[in-house]
Amino acid sequence: MTDINDPFALQDPLLLRRQPWVNGQWLTGDGPPLSVTNPATGASLGEVETLTAAAAEHAIDSAEAALPAWKALPARERAARLERWHALILQHSDDLARIMTLEQGKPLAEARGEVLFGATFAKWFAEEARRIYGEIIPPPRRGQRLLVFREAIGVCAAITPWNFPSAMIMRKAAPALAAGCTVVLKPAEATPFSALALAELARRAAIAPGVFNVILGDPPAIGKTFAAHPAIRKISFTGSTRTGRLLLARAAEQVQKITLELGGNAPFIVFEDADLDDAIDGAVTAKFGNAGQICTAVNRIFVHETLFARFTERFAARAAALRVGNGLDPDTDIGPLNNSAALSRITGLVADARANGAKIVTGGQPHKLGGLFFEPTVITQAGPQTRIWREEIFGPLVTIQPFRDDAEALKQANATEYGLASYFYTRDFARLFRIAEGLQFGMVAVNTPIITSESAPFGGTKVSGIGREGSRHGIENYLELKTVWIGGI
């Protein structure tokens, strides 16, 4: 029977774990306990045990010890474990979604969608595990053979963010395990319960002790441990550009392979021939999902001057009509920001825009619900001198600007150091290719707000990151090529 005082009220209470998962055991932490808070209510969700950096080395050592057996396991057997993990995530998706909404804040429907999306990586890379092919190269001389093997790179460290606490784990762990690597995961401090629930399901999927480990603790200390430990051959990080730069510098000392998925400043361009209804629908989706706390979320909307007034009026009305509230309420469209620092940042961005002459079309202040809730906000007349033009917003705030022609639209869209995601709407076939090729971003969505799938490469250019996750290319991040020369034949 469920405890009525339990805020989680799960169908399977054993999914709620509060200890690090290392070498097939729930460990007693030796670090200070980590308090977790529901961002919608401010209520405590309890504490999670943490490890010191010294104790975290035990997890790395366990992953190193488990590597030979997991690497040697036939690909179809690794795939079977991943497929079982996939099935268990689907089976428990309601509980996993509830955990996520309580600790992260996003509406329950979005949380469930994320859980199901995250599970697709386990299924996809289970299939890719069977397709890690080598090569036979025609030899340059008689009496020789030349082979190329693809082998697991080794022990991998993964660091994941709070805004997608399930999908980002699966997008990193699934290809690593499929390739034959072992993993030590450090999830975000704000959302540990989602990670630990996935660890419990990995245990039930018979993923061997030491193969998938989840540790919690001081982020800088653990990051330094990952970058300094000789057993770690690969680091995968999703988070801020500032932290990514630090990790990249530290990884260079050990010449570790690294994948970085960092910040974004996504443009959304509406050309004069666009379907206006579709463009408005797409902009609402691409901006306000997860309260705008997405690296691919739209920051800057550019609308052709002939459509600017109509688009702005209708888009602002849609934004103002979005229902803000607790993610557990089925009527909620937008949940809270995740933490007080995010609220302060959004408030500061609006104040800076006002000070620089921008116009607030709708919203612009903390929501009447109080706490971490903020009104969906639309701003115009905010030029390059404003912070919202230059910085990643990560909240329910967007600016709209008019443009005259294609060249101006491209110039404004590309005027950022970021290069993750971009969007545009047009019905002109020739323009489609010109703009898609001209945008300096790793991903371009045309006439759709959807920009991610397990089957497509995900990642950015410029300071938005290094490497790609997902797709058939995603597993290459966890493989090394070995050339074998055979003579005397």
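To be clear, the structure that these remarks concern was listed above.
All values derive from a computational prediction rather than experimental measurement.

Novice: When you look at the packing of helix α7 (residues 219-228) against helix α8 (residues 241-254) in this model, what are you seeing that I'm missing?
Specialist: A pair of packed helices is characterised by two quantities: the angle between their axes and the separation of those axes. Their axes nearest at 8 Å, the elements α7 and α8 cross at an angle of 30°. Comparing the axis directions of α7 and α8 gives the class roughly parallel. Here Pro220, Gly223, Lys224, Ala227 and Ala228 of α7 come into contact with α8, specifically with Leu247, Arg250, Ala251 and Gln254. Classifying every residue of the contact of α7 with α8 gives 5 nonpolar, 2 polar and 2 charged.

Novice: Help me out: how do you make sense of helix α11 (residues 340-355) in this one?
Specialist: Each turn of an α-helix holds 3.6 residues, which means side chains three or four residues apart point in the same direction. Relative to the 22 Å expected for 16 residues at 1.5 Å per residue, α11 spans 22 Å between its end C-alpha atoms, a close match to the ideal helical length. Along its buried surface, α11 packs onto β14 (359-362), β15 (377-380), α12 (387-390) and β16 (397-403). For α11, the capping residue at the N-terminal end is Asn339, with a side-chain oxygen 3.2 Å from the backbone nitrogen of Ala341. With its phi angle positive at about 90°, Gly357 sits one or two positions after the end of α11.

Novice: Would you mind going over the packing of aromatic side chains with me for this structure?
Specialist: Any pair of aromatic rings gets described here by the distance separating the centres and the angle formed by the planes. Throughout the structure, instances matching the rule amount to 13 aromatic pairs. Ring plane angle 70° and centroid distance 5.2 Å describe the contact between Phe8 and Phe193, whose orientation is recorded as edge-to-face. Taken together, the residues span a long stretch of sequence, with Phe8 in the segment before β1 (21-22) and Phe193 in helix α6 (residues 192-204) at a distance of 185 residues. Taking relative accessible area as the criterion, Phe8 reaches 0% and is therefore assigned buried. Judged by its relative accessible area of 0%, Phe193 falls in the buried class. With a centroid separation of 5.1 Å and 70° between ring planes, the pair formed by Phe117 and Phe121 is classed as edge-to-face.

Novice: Which parts of the structure should I look at to understand the environment of Leu88?
Specialist: Following the sequence through the fold, Leu88 ends up in helix α2 (residues 75-91). Each C-alpha atom, one on Leu88 and one on Phe403, is 49 Å from the other, the two residues being 315 residues apart in sequence. Contact partners of Leu88, with chain neighbours within four places excluded, come to Leu201, Arg204 and Ala205.

Novice: Teacher, can you tell me more about the nonpolar core here?
Specialist: Most often, soluble globular proteins have nonpolar side chains that are buried together. Trp85, Ile89 and Phe212 are the most contacted members of the largest nonpolar core, which has 66 residues in total. Setting aside anything within four residues of it in sequence, one finds Phe212 in contact with Trp21, Trp85, Ile169, Ala173, Val183, Leu185, Ala199, Ala202 and Ile207. Core analysis: the second largest hydrophobic core is formed by 37 residues, Ala319, Val324, Ile334 and Tyr423 among them.

Novice: Would you mind going over unusual backbone geometry with me for this structure?
Specialist: Excluding glycine, most residues fall at negative phi; most peptide bonds, likewise, are trans. Of note, Ala9 is a non-glycine position whose phi angle comes to about 45°, a positive value. Along the chain, the position of Ala9 falls in the segment before β1.

Novice: Before we go on, may I ask you to explain the pairing of strand β11 (residues 257-261) in this structure?
Specialist: A regular strand carries its side chains on alternate faces of the sheet. Among the 5 residues of β11, 4 are classified as buried, and the element is accordingly described as predominantly covered. Judged from the 5 bridges that link them, strand β10 (residues 232-238) and β11 form a sheet pairing that is parallel. Directly across from Ile235, in β11, lies its bridge partner Ile258. Taking the sense of rotation as the criterion, the β-α-β connection linking β10, α8 and β11 turns out right-handed. Bridge count for β11 against strand β21 (residues 465-466) is 2 bridges, and the pairing is antiparallel. The residue bridging Leu260 from the neighbouring strand is Ile466, located in β21.

Novice: Help me understand the sheet that holds strand β6 (residues 145-152), please; the structure alone is not making it clear to me.
Specialist: By definition, the strands of a sheet pair up through backbone hydrogen bonds, in either a parallel or an antiparallel sense. As summarised here, the arrangement of the 3 strands in space is β5-β6-β22, forming an open sheet in which the pairing is antiparallel. Unpaired on one side and paired on the other, β5 (135-137) and β22 (479-486) mark the two borders of the sheet. Adjacent strand axes in the sheet meet at a mean angle of 25°, parallel and antiparallel pairs treated alike. Across 3 bridges, the pairing between β5 and β6 is antiparallel.

Novice: Sorry, what's going on with the sheet that holds β14 here?
Specialist: Taking strand neighbours across the sheet as the criterion, the 7 strands line up as β14-β15-β16-β13-β12-β18-β19 in an open arrangement whose pairing is mixed. Two strands lie at the open edges of the sheet, namely β14 and β19 (443-446), each paired on one side alone. Ignoring which end each strand starts from, the neighbouring axes of this sheet average 25° apart. Across 5 bridges, the pairing between strand β13 (residues 298-304) and β16 is parallel. Paired with Val303 across the strands is Pro402, a residue of β16. Packed on one face of the sheet, helix α13 (residues 406-413) meets β12 (266-270), β13 and β16 and runs near 150° to β16.

What counts and how
Residues numbered from 1 in each chain as written. Predicted model: local features only at pLDDT ≥ 70, side-chain atom pairs only at ≥ 80, totals over all residues. Heavy atoms only, no water. Axes fitted to C-alpha atoms, helices over the stretch in contact; angles between N-to-C directions. Helix = DSSP H or I, 4+ residues; strand = E, 2+ residues; numbered from the N terminus. Parallel < 35°, antiparallel > 145°, perpendicular 65-115°, else oblique. Contact = heavy atoms within 4.5 Å. Nonpolar A, V, L, I, M, F, W, Y, C, P; charged D, E, K, R; others polar. Expected span 1.5 Å × (residues − 1). Polar contact = N/O pair within 3.5 Å; in protein donor to acceptor, adjacent residues only side chain to side chain. Phe/Tyr/Trp six-rings, centres within 6.5 Å; stacked < 30°, edge-to-face > 60°. Buried < 20%, exposed > 50% of the residue type's maximum accessible area, 1.4 Å probe, protein only. Core = buried A, V, L, I, M, F, W, Y, C linked by side-chain atoms within 4.5 Å. Pairing = 2+ DSSP bridges. Right-handed = clockwise from strand over helix to strand, strands pointing away.

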